[in-house]
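# Report on the structure
Each chain, letter by letter, is given below.
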Amino acid sequence: MSTRIAVFGTGYLGATHAACMAELGHEVLGVDVDAAKLEKLAAGEVPFYEPGLGEVLRRNIDRGRLKFTSSYEEAAEFADVFFLGVGTPQKKGEFAADMVYVDAVIETLAPLLTKPAVIFGKSTVPVGTAERLGKRARELAPVGDGVEVAWNPEFLREGFAVQDTLHPDRLVLGVDRGRHGRAESAAREVYADLLDEGIPFLVTDLATSELVKASANAFLATKISFINAISEVCEAAGADVTVLADAIGYDVRIGRRFLNAGIGFGGGCLPKDIRAFMARAGELGADQALTFLREVDNINMRRRTRMVELAREACGSLLGARVAVLGAAFKPDSDDVRDSPALNVAGQIQLQGAAVNVYDPKAMDNSRALFPTLTYSANALEACEGADVVLVLTEWPEFLKLQPSDLDAVVRKKVIVDGRNCLSPDEWRGAGWNYRGLGRP
Ligand SMILES: NC(=O)c1ccc[n+]([C@@H]2O[C@H](COP(=O)([O-])OP(=O)(O)OC[C@H]3O[C@@H](n4cnc5c(N)ncnc54)[C@H](O)[C@@H]3O)[C@@H](O)[C@H]2O)c1
């Protein structure tokens, strides 16, 4: 059965969700306040890099099932089910999440709701938000108690966003247990195809659903910082963290995934989400429970500093050195540079007096906008021209394919520092290069 859906926020999450809901056969309206973004989307162009999303977007625009607007009135008139997917960035100078965008959606949408509606929140929010928004929406809406706010946290990974939205590991829905609304039945209709596929569907209360997302990100961040902490010990002891990770990863209780030591996590989610989680726990009087996340954050940030040190060691001094930086996105298959460890390292090295040439396969425009003072090259070889050291900071497939012989004639010194432990030390050393990884001898 087709549902009329409006999705508020058409960023990485919202645009993907809107296109994928249309792919499932629903009629979808994407709503944003960014006119330039809407114009691109309406023309079938994805305003960011996400593999496979362009095809889904264009197919559903052509089928007439997917449209975009800046008009909340149009959205309120059109849809029965609303998804909220606007940003929840870190507040400036604080750990807490900034709820201004989420609140703005409710403040603008609710007064327009004259017929019963379900609003599914997808943004990552502090626990307690859904309940607060539900109360506020019912106060503001002409239909009053006919509005229900439920929470349906999103677990998609950039780079796999379409696959993760159409075939997620699980669906989680938090409903207001005190109200006997239709959120669960509406979700079952929207996600009918996914449920037919047997995807686990967990229905719980609002607070649990909000905490599921915060906990999942806290766990992943902890796993990455765990191996990075071990990597510091490996460096001190002359051991190899990559072999260690393989060895402990065979234990199914541990698992090998997310145990790649390197320059750590970044992006628009993990860093701000663990900080917001700590801030919210503090407000609830449970701050002791999450003090370990501060250490997780510290370990993560130390890896960036360590990378800068390795670059300095490689050059002798960064003053006047030429440094090639391969990778700017926070991870491969994304153009997202929000809190990217790669760009952060590039920026620090430049501030210490080096000339830094950056190349990334997809994140050049976003990087230029964030760090206009770095030099950007058209390809990896150009970035490496005359380099005293080559830093691999994002593990894009094209960097894994680089051969030492590709760079031999280009660089000034054959030194490579592998910030993601993604290259073969034997291959580079065998070709006469000085290879350094993180947490390996
Ligand atoms: N990006 C991911 O991989 C991912 C995964 C899971 C969860 N999330 C969560 O999803 C949320 C959105 O993240 P994102 O990465 O898509 O952010 P984003 O910055 O890419 O997109 C947010 C969009 O919301 C729009 N917006 C702001 N105010 C608005 C308003 N009042 N009405 C309509 N639109 C408005 C912005 O213009 C922007 O297009 C965050 O809470 C994030 O933590 C993101």
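Residues numbered from 1 in each chain as written. Predicted model: local features only at pLDDT ≥ 70, side-chain atom pairs only at ≥ 80, totals over all residues. Heavy atoms only, no water.

### Quick word on the UniProt feature "binding site: substrate" (unreviewed entry) in the protein chain
- Using the residue numbers shown here, the UniProt feature "binding site: substrate" (unreviewed entry) corresponds to F155, L156, R157, E158, K213, F258, L259, N260, A261, G262, G266 and K331. Annotated residues spanning 177 residues; largest pairwise C-alpha distance 24.4 Å, indicating distribution over more than one region.
- Counting through the fold element by element, F155 comes out in the loop between β6 (147-151) and α7 (161-166).
- Within the secondary structure layout, L259 lies in the loop between α11 (241-249) and α12 (270-283).
- Under the relative-accessibility criterion, L259 is labelled buried at 2%.
- Dropping the residues within four chain positions of it, L259 is found in contact with K223, F226, I227, A245, I248 and I254. (UniProt positions renumbered as here; feature names shortened; annotations may be inferred. Helix = DSSP H or I, 4+ residues; strand = E, 2+ residues; numbered from the N terminus. Buried < 20%, exposed > 50% of the residue type's maximum accessible area, 1.4 Å probe, protein only. Contact = heavy atoms within 4.5 Å.)

### Regarding the environment of F258
- Along the polypeptide, F258 turns up in the loop between α11 and α12.
- Expressed as a C-alpha distance, the spacing of F258 and G134, which sit 124 residues apart in the sequence, is 36 Å.
- In contact with F258, not counting residues within four places along its chain, are L220, K223 and I224.

### So, the site of the ligand
- If you check the shell around the ligand, you find 27 residues, and the closest are D32, K37, Y72, T88 and K272.
- In the model, an oxygen atom of the ligand is placed 3.1 Å from a nitrogen or oxygen of the Y12 main chain.
- Between the ligand and D32, the relevant distance is 2.6 Å, taken from an oxygen atom to a side-chain nitrogen or oxygen of the residue.
- In the complex, the protein chains occlude 89% of the 830 Å² of accessible area that the ligand would expose alone.
- Only α1 (12-23) and α5 (100-109) provide two or more residues apiece to the shell around the ligand.
- If one sorts the elements of the shell around the ligand by residue count, α5 sits on top with three residues. (Near = heavy atom within 4 Å. Polar contact = N/O pair within 3.5 Å; in protein donor to acceptor, adjacent residues only side chain to side chain. Areas by Shrake-Rupley, 256 points an atom, 1.4 Å probe, with all protein chains shown as cover.)

### Quick word on the environment of R322
- Along the chain, R322 falls in strand β9 (residues 322-326).
- Separated by 32 residues in sequence, R322 and A354 place their C-alpha atoms 5.8 Å apart.
- Among residues more than four places away in sequence, those in contact with R322 are A355, N357, E385, G386, A387, D388, V389 and R412.
- Of the polar contacts made by the side chain of R322, one reaches the backbone oxygen of E385; its length is 3.4 Å.

### Considerations on the nonpolar core
- Core analysis: the biggest nonpolar cluster contains 50 residues, and V323, L326, I349, V356, V390 and L391 have the highest contact counts within it.
- If you list the elements that add at least two residues to this core, you get α13 (291-315), β9, α14 (341-351), β10 (355-359), α16 (380-383), β12 (389-392) and β13 (415-418).
- Not counting chain neighbours up to four residues away, the residues in contact with V390 comprise A324, L326, C384, L407, V411, V415, I416, V417 and W433.
- If you look at the next biggest cluster of nonpolar residues, it comprises 39 residues, including A15, L38, L171 and L194. (Core = buried A, V, L, I, M, F, W, Y, C linked by side-chain atoms within 4.5 Å.)

### Some remarks on the sheet that holds β12
- If you walk across this open sheet you meet the six strands as β11-β10-β9-β12-β13-β14, and the pairing is parallel. In the strand order of this sheet, the two ends are held by β11 (375-376) and β14 (434-437), each with one partner.
- Two strands pair when backbone bridges link them, and β13 and β14 are joined in this way by four bridges, in the parallel orientation. Bridge assignment links D418 to a residue of β14, and that residue is G437.
- Contacts from α13 reach β9, β12, β13 and β14, with the element oriented near 160° to β12.
- Against the sheet, α14 engages β9, β10, β11 and β12, with an angle of about 160° to β10. (Pairing = 2+ DSSP bridges. Axes fitted to C-alpha atoms, helices over the stretch in contact; angles between N-to-C directions.)

### Structural notes on the UniProt feature "active site" (unreviewed entry) in the protein chain
- Mapped onto the present numbering, the UniProt feature "active site" (unreviewed entry) falls at C269.
- Note on C269: relative accessible area 35%, which makes it partly exposed.

### A few points about α11
- Among the residues of α11, V241, T242, A245 and G249 are the ones counted as buried. Within α11, the buried residues cover an arc of 105° as seen down the axis, which keeps them to one side. Across from the buried face of α11, at angles greater than 90 degrees, the exposed residues are V243 and A247.
- Residues of α11 that are buried sit in contact with α10 (206-237). (Arc of directions from axis to C-beta.)

### Considering the pattern of salt bridges
- Scanning the model with the defined rule gives 33 salt bridges in all.
- The closest approach of N and O atoms between D145 and R179, which form a salt bridge, is 3.4 Å. Here D145, found in the loop between α6 (129-140) and β6, pairs with R179, found in the loop between β7 (171-175) and α8 (183-190); they are 34 residues apart in sequence, far enough to count as distant.
- With a relative accessible area of 59%, D145 lands in the exposed category.
- Here the salt bridges do not stand alone but share partners, grouping E235, R303, R306, E309, E313 and R436 into one network. (Salt bridge = Lys/Arg side-chain N within 4 Å of Asp/Glu carboxyl O.)

### Comments concerning the packing of aromatic side chains
- Considering all chains together, one arrives at eight aromatic pairs under this definition.
- Ring centres of F8 and Y72 lie 4.8 Å apart, and the angle between their planes is 45°; this geometry places the pair in the tilted category. Pair noted here: F8 is in strand β1 (residues 4-8) and Y72 is in helix α4 (residues 72-78), with a separation of 64 residues, a long-range link.
- Through a chain of ring-to-ring contacts, the aromatic side chains of F8, Y72 and F82 assemble into a single cluster.
- Above the face of the F160 ring, R157 is positioned so that its terminal group lies 4.3 Å from the ring centre.
- It is R170 that lies over the ring of F155; its NZ or CZ is 3.6 Å from the centre. (Phe/Tyr/Trp six-rings, centres within 6.5 Å; stacked < 30°, edge-to-face > 60°. Lys NZ or Arg CZ within 6 Å of the ring centre and 35° of its normal.)

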